[in-house]
Amino acid sequence: MMRRSVVFVVLLLVGFGMMQAMAQGKKKKPAPAAPQEDGVAMLDSNGDEITRDVRDTSTATRYFLFPEFYSYWPVVKDDTIIKYQCYDAENSYINVDTLHDIGDVQHIHFVKTFTNYLHTYIDADGRPKASTASKTIYRYDKTGNDTWKSYDYSNSYLSELQEFRSEIVRQDTTNTVNSITGARRLTIRKYYKVVELQKKGETEIQKEDK
């Protein structure tokens, strides 16, 4: 009788162990953690994954002083665009949206861009297409700490301009958002007074007659 009891207990323990093993085998593997909605997965220069927080709500503010003859905003009418373009001392184009130092601007052109229907070229589809032409209307060259030389191409008129940086005549702003980080950048542009210098021996009446 004692032997049968021992055999029964052993069988019971073996059966219980098998049931536990089967139960553990049926358990689901833990699901991988869901990606955070506030991050953008990217690869660095080594190919390793990095995450940037896109909930950055900080705002960086930039201030610039421009002469009043300049304007950030282009004028668009049909296929014609009239706008100002900035260049450095080597006459290399400057993108004012990424400008850090206004002192880099040494030349400013007032340019008219339009479609030239009299001059065509063959596009990738083999069709004739009108070309785009540009014409400089005004050119401004920095000649000193507070002076500019201006040239009117339409009237062949050359003049000297004096800056008055303490006299602000207008201002405008732009607010951009970084599409990756969400950080904002506020750019404030102030425009100061500029006056044409009177040439030696020249009267106001003579200046107006030119």
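For the structure given in this document, a descriptive report is provided here. (Residues numbered from 1 in each chain as written. Predicted model: local features only at pLDDT ≥ 70, side-chain atom pairs only at ≥ 80, totals over all residues. Heavy atoms only, no water.)

Notes on the pairing of strand β11 (residues 184–196)
Then, in step 1: As paired elements, strand β3 (residues 59–67) and β11 share nine bridges and run parallel to each other. Across the sheet, Thr59 pairs through a bridge with Arg184, a residue of β11.
Then, in step 2: When strand β10 (residues 157–177) meets β11, the two strands line up antiparallel, connected through 13 bridges. Pairing of Thr173 across the sheet is with Ile188, part of β11. (Pairing = 2+ DSSP bridges. Helix = DSSP H or I, 4+ residues; strand = E, 2+ residues; numbered from the N terminus.)

Topic: the nonpolar core
Then, in step 1: One finds Phe69, Tyr70, Cys86, Ile108, Tyr140 and Trp148 to be the most contacted residues of the largest nonpolar core, which totals 20 residues.
Then, in step 2: Among the secondary structure elements, those contributing two or more residues to this core are β3, β5 (80–87), β7 (107–122), β8 (128–142) and β11.
Then, in step 3: The element contributing the most residues to this core is β11, with three residues. (Core = buried A, V, L, I, M, F, W, Y, C linked by side-chain atoms within 4.5 Å. Buried < 20%, exposed > 50% of the residue type's maximum accessible area, 1.4 Å probe, protein only.)

Things to note about the layout of surface pockets
Then, in step 1: Of the volumes computed, that of the largest pocket is approximately 160 Å³.
Then, in step 2: Around the largest pocket, the lining residues are Tyr70, Tyr72, Pro74, Lys83, Tyr84, Gln85, Cys86, Tyr93, Ile94, Asn95, Val96 and Asp97.
Then, in step 3: Every element with two or more residues in the lining of the largest pocket is listed here: β5 and β6 (93–94).
Then, in step 4: Considering every element that reaches the lining of the largest pocket, the biggest residue donor is β5, with four residues.
Then, in step 5: Considered class by class, the residues forming the lining of the largest pocket number eight nonpolar, two polar and two charged. (1 Å grid on protein atoms, 1.4 Å probe; cavity = no way out; pocket = protein on both sides within 12 Å on 5 of 7 lines; lining within 4 Å. Points joined across faces, edges and corners; volume = space filled by probe spheres on them. Nonpolar A, V, L, I, M, F, W, Y, C, P; charged D, E, K, R; others polar.)

Points about the environment of Asp78
Then, in step 1: Assignment of secondary structure puts Asp78 in the loop between β4 (75–77) and β5.
Then, in step 2: For Asp78, a relative accessible area of 73% translates into the label exposed.
Then, in step 3: The sequence separation of Asp78 and Phe114 amounts to 36 residues, and the corresponding C-alpha distance is 9.1 Å.

Here we look at the packing of aromatic side chains
Then, in step 1: By the definition in use, this model includes 13 aromatic pairs.
Then, in step 2: Consider the rings of Tyr72 and Trp73, whose centres lie 4.9 Å apart with planes at 85°: the pair is edge-to-face.
Then, in step 3: Relative to Tyr93, the ring of Tyr87 has its centre 5.9 Å away and its plane inclined at 75°; by these criteria the two rings are edge-to-face.
Then, in step 4: Looking at Tyr93, the relative accessible area reads 53%, which means it is exposed.
Then, in step 5: Members of the aromatic cluster, joined through ring pairs, are Phe64, Phe66, Phe69, Tyr70, Tyr84, Phe110, Tyr138, Tyr140, Trp148 and Tyr191.
Then, in step 6: A cation over an aromatic ring shows up here: Lys112 above the ring of Phe114, its NZ or CZ 5.6 Å from the ring centre.
Then, in step 7: The residue whose ring lies beneath Arg170 is Tyr191, and the NZ or CZ to ring-centre distance is 4.0 Å. (Phe/Tyr/Trp six-rings, centres within 6.5 Å; stacked < 30°, edge-to-face > 60°. Lys NZ or Arg CZ within 6 Å of the ring centre and 35° of its normal.)

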